[in-house]
Amino acid sequence: MGELNPGLILILGALAVPLLPGKSLRGIYMLALPILAFGYLQGLPLGEMGQFKLFDLTLTTARIDQLSLVFGYIFLIATLLGVIYALHVADWVQHAAGLVYAGSAIGAVFAGDFVTLFVFWEITAISSVFLIWASRNPDAMASGLRYLIIQVGSGVILLAGVLFYYRDTGSVAFNSIGTQTFAGQLILLAFGIKCAFPLLHNWLKDAYPRATVTGTVMLSVFTTKLAVYALARGFPGTEILIPIGVTMALFTAVYALIENDLRRVLAYALIGQLGLMVAGIGIGSELAINGAVAHAACGILYFALLFMAIGAVLHRTGTARASDLGGLATSMPITATLAIIGALTAAAVPFFAGFISKAFIVSAAMKAGHLWVWLALLAAGAAVVIHTAIKVPYFAFFAKPNGRASSEAPMNMLIAMALTALLCVGLGVYPKALTEMLPHKVKYDAYTLEHIVTQLQLVAFAALAFVLAIRFGLYPVMTRSTILDTDWLYRVPGRHLATFTNRFRSWTWEWLADNTVHGATKVHDVLYRNHGPKGLFGRSWPTGKMAFWTTVTLGAVVVLSYL
Amino acid sequence: MAADHDPKPKTQSQTENGTGLNAPKIDNRIVLALGAICVALALVDPLIHKHGKFEIEHYVGFYAIFGFLACAAVVFAGIVMRVILMRSEDYYDG
C-alpha cells in the first residue's frame, strides 16, 4: 500500500464497523484505525504520490507537504479523541459515519488535484449528515436535510469551478488559484460555503446543535477546517478574504452573546474564530498563513473540548439551554474543570494553546500595517471572553446554586476531554511542538513580557465587563427562544414563495389542461363539421379523423425539415 | 431508537427567566479577586515597553480600556439585537 491516501484507511476501515460484534471489540478496532493511519502517515515521504491517469487527466491522490501534513496530523488526533468520546454509544451508524467523515476530510487535505478533492469533498457532506440524522427526531431530520442541500451544493459549485478551471488552464492540479477568473470565483464560493462565510454560514449554526452529542464534536472538527486548508492552499493573500474574515469575527459575537442554546453559542463562536483564520489567509504573509494554520489546529482542540463538555452536560441533563442549566459544578466537577481549561484556551490566555496561534494572526495584521483589521481582531478577541469563554462554563456549571445532574460524565468522555485539555495546555506551554510543523519557517516568539501582559490586560478587563454586566443586570437574559438569522430568508419568505410557486404551478397546469383540451376539442369539432363524413368538404372524400391528422403531422414534418 | 442522551431533563433549575431571585449570581470574592488582578495589570502597564508599530497601542492602558469597551459595545449591541431578532422557541414550527 505504498501510495495510498491516508484518509482511505479510515474510510475503508469504517466499512467493517457494522460487522463487528460487541461494543468492546468495535471500540478497540475504531481506536486502532486513526493510530494506524497516523503511523502510516509518519512513514510517508514528502512529495506527490498515488498518481494515475483518468482519461487524459493526471490525478494525484496523495500530496504530502508541510501544509497538508499539519492538517492531516491534527485531523487524525481529533479523530482519535472523537472516537474515545463516543465509545459509550451503541449506535453503529454514528461510528461508521464519523470515521468515513473523518477519513474523507483527511483524504481531501491530501488531495493533489481538484478531482480527488471534489470526490472527498462530497463524501464529507454525505457522511456527516448521518451524524445529524442520528439524533432521530423531526427537527434533526429537517435540519440535516437543509445541511445536506447546502453541503452538496458547495460540491456542485466546486465541480463547476473546476470544469472552467480545466478549460482555462488544461490542468486540474490543486495549487494557488486566485480570483481573477470566473473559475477562481466559483471555487472560492464553494470553499466559502464550507468555511461559513457571512450569509453562507447558516447551515453551521442550524445543524451542529441538532446533531448527536458525539456527532457535534466530530462535526466541529472537520468541515470548516478543511475549508480553511483549501483557502490556505488556493487563495493565500487574496485581499477580499480580509473583510470577509473580519465580518465573521465581529457579527458572530453578538449572536453568541444572546443565543440560549450553548451548543449554538459555540457554533457562532466557531464561525468567529474561522473569521480570524480567513483574515489571516487574506493577509497572506508567511506569519499570517502560519497563524491561520496554527489557529485551525488549536481551534479544533479547544472547540472540540468545549463541545465535549457541553455534550456531557446534555448527555446527563437532557438539555444544553443556558436558561435551563446552571450550578452543575457540584455534580460534574471534572467536566467543569476541563471546560474551564477549554475556555481559557478559547480566551487566548497565556500558556494555553490559543494564545500562541491568535498572537500569530494579530501580529501579522499589525506587521502588514492593517490598523483597522488589527483593532477588529483585537476587539473580537476580547469579545470571545464574554460571549463564549466565560459564558459557556458560567451558565452551565455556575450561575445558579441549585442545578443538579444525575452524575459525572461517563469515563470515556472524561478521558477524551482530559486528553484534549492536556493538548490545549501542552501546546501552550511547549508551542514548538506546533510551530515547528507550520508551513513557513518564520521566527516569531509569542512569549515576550510585553505580549503576555497586554493579552492578560485585554482578557482581564473583558472578564471585568462580563462581571459588571451580570451584576448590573445588563447581560442578556437567557430565555428559551429562537434568534433570527439569515436562515429566516429561506425558512419563512422562502417557504411562502415555494408554497406559492407550487400552488401557481398546479393552478396554471389545470388551467392550461382545461383550456387546451377545450380548444383542441373546439378545433376538432369545427374541422369535423366541415371535413368529416357529413361535412361540407368531406362529402366526396370521407376519410377518417386519423387519416386527416396523419396528413397534417406529415405535412408539418416536411415543412419543419426544410426550415 | 432513542436519542443518545437521557430523555428527561434532570436539572432542578427549570425556571426559564433568569431574573429576580433566579438571576445568575457571581460570588463577591470572585469579583474582588478579578478587580485586584485588573488593578495590578493596570499598574504595571506604564512599565511595559511596547514595540508595536501603531501609535494607538502606546497609550497607557490601551489594551485594558479597549478590551473593556469592546465588550461593553458587544453587550449593548446584544441588548438591541435581542429585541429585534428574538422570537418564541417554536417560531419555525408554525
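Predicted model, so just to flag it, every value in this text is computed and none were measured. (Residues numbered from 1 in each chain as written. Chains lettered and ligands numbered in written order. Predicted model: local features only at pLDDT ≥ 70, side-chain atom pairs only at ≥ 80, totals over all residues. Heavy atoms only, no water.)

1. Things to note about the overall build of chain A
Now for step 1: Along the backbone of chain A there are 23 helices and 3 strands.
Now for step 2: Summarising the internal contacts of chain A: among those between residues at least 6 apart in sequence, 79% fall at separations of at least 24.
Now for step 3: Each charge sign in chain A was given a centre, from 35 positive and 24 negative side chains, and these centres are 9 Å apart. (Helix = DSSP H or I, 4+ residues; strand = E, 2+ residues; numbered from the N terminus. Contact = heavy atoms within 4.5 Å. Lys, Arg positive; Asp, Glu negative; His and termini not counted. Charge placed at Lys NZ, Arg CZ, Asp CG, Glu CD.)

2. Topic: the state of the cysteines
All names here are of chain B.
Now for step 1: A complete count under the given rule lists 0 disulfides over all chains for this structure.
Now for step 2: Lacking any disulfide linkage, cysteine 38 is separated from the closest cysteine sulfur, that of cysteine 71, by 11 Å.
Now for step 3: Judged by relative accessible area, cysteine 38 falls into the buried class, the value being 3%.
Now for step 4: Judged by relative accessible area, which is 0%, cysteine 71 ranks as buried. (Disulfide = S-S within 2.5 Å. Buried < 20%, exposed > 50% of the residue type's maximum accessible area, 1.4 Å probe, protein only.)

3. Quick notes on the side chain of threonine 61 of chain A
Residue and element names in this part refer to chain A.
Now for step 1: With respect to the helices and strands, the residue threonine 61 is situated in strand E2 (residues 57-64).
Now for step 2: Overall, the relative accessible area of 17% leaves threonine 61 in the buried class.
Now for step 3: A distance of 2.6 Å separates a polar side-chain atom of threonine 61 from the backbone oxygen of glycine 50. (Polar contact = N/O pair within 3.5 Å; in protein donor to acceptor, adjacent residues only side chain to side chain.)

4. Focus: the packing of aromatic side chains
Residues and elements named next belong to chain A.
Now for step 1: All told, the structure shown has 32 aromatic pairs over all chains when counted by the stated rule.
Now for step 2: Taken together, a centroid distance of 5.8 Å and an interplanar angle of 75 degrees make the contact between tryptophan 203 and tyrosine 208 edge-to-face. Accessibility assignment for this pair places tryptophan 203 and tyrosine 208 in one class, buried.
Now for step 3: Put simply, the rings of Phe114, Trp121, Tyr165, Phe174, Phe191 and Phe235 pair up and form one aromatic cluster. (Phe/Tyr/Trp six-rings, centres within 6.5 Å; stacked < 30°, edge-to-face > 60°.)

5. As for the interface of chain A and chain B
A common way to express how large an interface is: the accessible area buried when the components associate.
Now for step 1: Counting from both sides, the interface comprises 80 residues of chain A and, opposite them, 67 residues of chain B.
Now for step 2: When the two sides are added together, the surface that chain A and chain B hide from each other amounts to roughly 6,500 Å², 66% of it contributed by carbon and sulfur.
Now for step 3: Taken together, the links from chain A to chain B amount to 2 salt bridges.
Now for step 4: Two residues, arginine 321 of chain A and glutamate 89 of chain B, come together in a salt bridge whose shortest N-O distance is 2.7 Å.
Now for step 5: The tally of links from chain A across to chain B stands at 18 residue pairs in polar contact (both at pLDDT 80 or more).
Now for step 6: In terms of residues, the side of chain A that touches chain B owes the most to one element, helix H20 (residues 449-471) of chain A, which gives 19 residues.
Now for step 7: Its residues assigned to classes, the side of chain A that touches chain B shows 46 nonpolar, 19 polar and 15 charged.
Now for step 8: As judged from the 2 bridges shared by strand E3 (residues 482-483) of chain A and strand E1 (residues 86-87) of chain B, these two strands associate in the antiparallel manner. Bridge pairing links isoleucine 483 of chain A to methionine 86 of chain B in E1 of chain B. (Buried area = accessible area lost by both parts, 1.4 Å probe. Salt bridge = Lys/Arg side-chain N within 4 Å of Asp/Glu carboxyl O. Nonpolar A, V, L, I, M, F, W, Y, C, P; charged D, E, K, R; others polar. Pairing = 2+ DSSP bridges.)

6. Here's the deal with the pairing of E2 of chain A
Residue and element names in this part refer to chain A.
Now for step 1: With 7 of its 8 residues buried, E2 lies for the most part within the structure.
Now for step 2: Here strand E1 (residues 47-54) runs beside E2; their pairing, made up of 7 bridges, is antiparallel. Within the sheet, the bridge partner assigned to methionine 49 lies in E2 and is alanine 62.
Now for step 3: Hairpin remark: E1 followed by E2, antiparallel, with 2 residues in the connecting loop; positive phi at phenylalanine 55, about 55 degrees.

7. Brief notes about the packing of helix H13 (residues 286-317) of chain A against helix H15 (residues 353-367) of chain A
All names here are of chain A.
Now for step 1: Closest axis-to-axis distance for the H13/H15 pair is 8 Å, and the angle between their directions is 155 degrees. By the criterion of interaxial angle, the relationship of H13 to H15 is roughly antiparallel. Our pair here, H13 against H15, has a crossing hand that is left-handed. Here H13 contributes Leu287, Ala288, Asn290, Gly291, Ala292, Ala294, His295, Cys298 and Tyr302 to the contact with H15, which in turn contributes Ala353, Gly354, Ser357, Lys358, Phe360, Ile361, Ser363, Ala364 and Lys367.
Now for step 2: By residue class, the composition of the contact of H13 with H15 is 10 nonpolar, 6 polar and 2 charged. (Axes fitted to C-alpha atoms, helices over the stretch in contact; angles between N-to-C directions. Parallel < 35°, antiparallel > 145°, perpendicular 65-115°, else oblique. Left-handed = near helix turned anticlockwise from the far one by under 90°.)

8. Overview of helix H5 (residues 114-133) of chain A
Residue and element names in this part refer to chain A.
Now for step 1: Along its 20 residues, H5 runs 29 Å from first to last C-alpha, staying within 8% of the 28 Å computed at 1.5 Å per residue.
Now for step 2: With respect to burial, H5 is a largely interior element, 15 of its 20 residues being buried.
Now for step 3: Taking the backbone nitrogen of valine 115 as reference, a side-chain oxygen 2.9 Å away marks aspartate 113 as the first, capping residue of H5. (Expected span 1.5 Å × (residues − 1).)

9. What to know about the pattern of salt bridges
Now for step 1: Scanning the model with the defined rule gives 13 salt bridges over all chains in all.
Now for step 2: Across the salt bridge formed by arginine 491 of chain A and aspartate 487 of chain A, the nearest N and O atoms sit 3.3 Å from each other. With a gap of 4 residues between them, arginine 491 of chain A and aspartate 487 of chain A both fall in helix H21 (residues 487-491), about one helical turn apart. Like arginine 491 of chain A, the residue aspartate 487 of chain A is buried in the burial classification.
Now for step 3: When salt bridges that share partners are traced, they join Arg321, Asp324 and Arg480 of chain A together with Glu89 of chain B into one network.

10. Comments concerning the confidence of the model for chain B
Low-confidence regions, as indicated by low pLDDT, have predicted coordinates that should not be scrutinised in detail.
Residues and elements named next belong to chain B.
Now for step 1: Here chain B averages 81 in pLDDT, and 76% of its residues register 70 or above.
Now for step 2: Predicted confidence is poor over residues 6-17, with pLDDT under 50, and the contacts of this stretch with residues over four places away or in other chains come to 37 contacts.
Now for step 3: For this predicted complex, the interface confidence reaches an ipTM of 0.85, while the overall pTM sits at 0.89. (pLDDT = per-residue confidence, 0-100.)

11. Quick look at the packing of helix H1 (residues 6-14) of chain A against helix H2 (residues 23-43) of chain A
Residue and element names in this part refer to chain A.
Now for step 1: Running from N to C, H1 and H2 point in directions that differ by 160 degrees, and their axes come no closer than 9 Å. The angle between the axes of H1 and H2 places the two elements in the roughly antiparallel class. Considering how the two elements wind past one another, H1 and H2 form a crossing that is right-handed. Residues Pro6, Ile9, Leu10, Gly13 and Ala14 of H1 form the contact with H2, whose participating residues are Tyr29, Leu33, Pro34, Leu36, Ala37, Tyr40 and Leu41.
Now for step 2: Partitioning the contact of H1 with H2 into residue classes produces 11 nonpolar, 1 polar and no charged.

12. Brief notes about unusual backbone geometry
All names here are of chain A.
Now for step 1: The backbone phi angle of arginine 136 is positive, close to 55 degrees, even though this residue is not glycine.
Now for step 2: Here arginine 136 is to be found in the loop between H5 and helix H6 (138-169).
Now for step 3: Arginine 136 gets classed as partly exposed once you look at its relative accessible area, which sits at 35%.
Now for step 4: One non-glycine residue with positive phi stands out, namely alanine 196, at about 60 degrees.

13. So, a nonpolar patch on the surface
Now for step 1: Together, Leu468, Phe472 and Leu474 of chain A together with Phe76, Ile79, Val80, Val83 and Ile84 of chain B line one region of the surface with nonpolar side chains, adding up to about 750 Å² of accessible area.
Now for step 2: When residues in the nonpolar patch are grouped by element, the largest group, 5 residues, is from helix H2 (residues 62-85) of chain B.
Now for step 3: Mapped onto the elements of the fold, phenylalanine 472 of chain A is located in the loop between H20 and E3. (Patch = residues over 30% accessible without salt bridge, like charges linked within 9 Å, V, L, I, M, F, W, Y side chains within 5 Å. Areas by Shrake-Rupley, 256 points an atom, 1.4 Å probe, with all protein chains shown as cover.)

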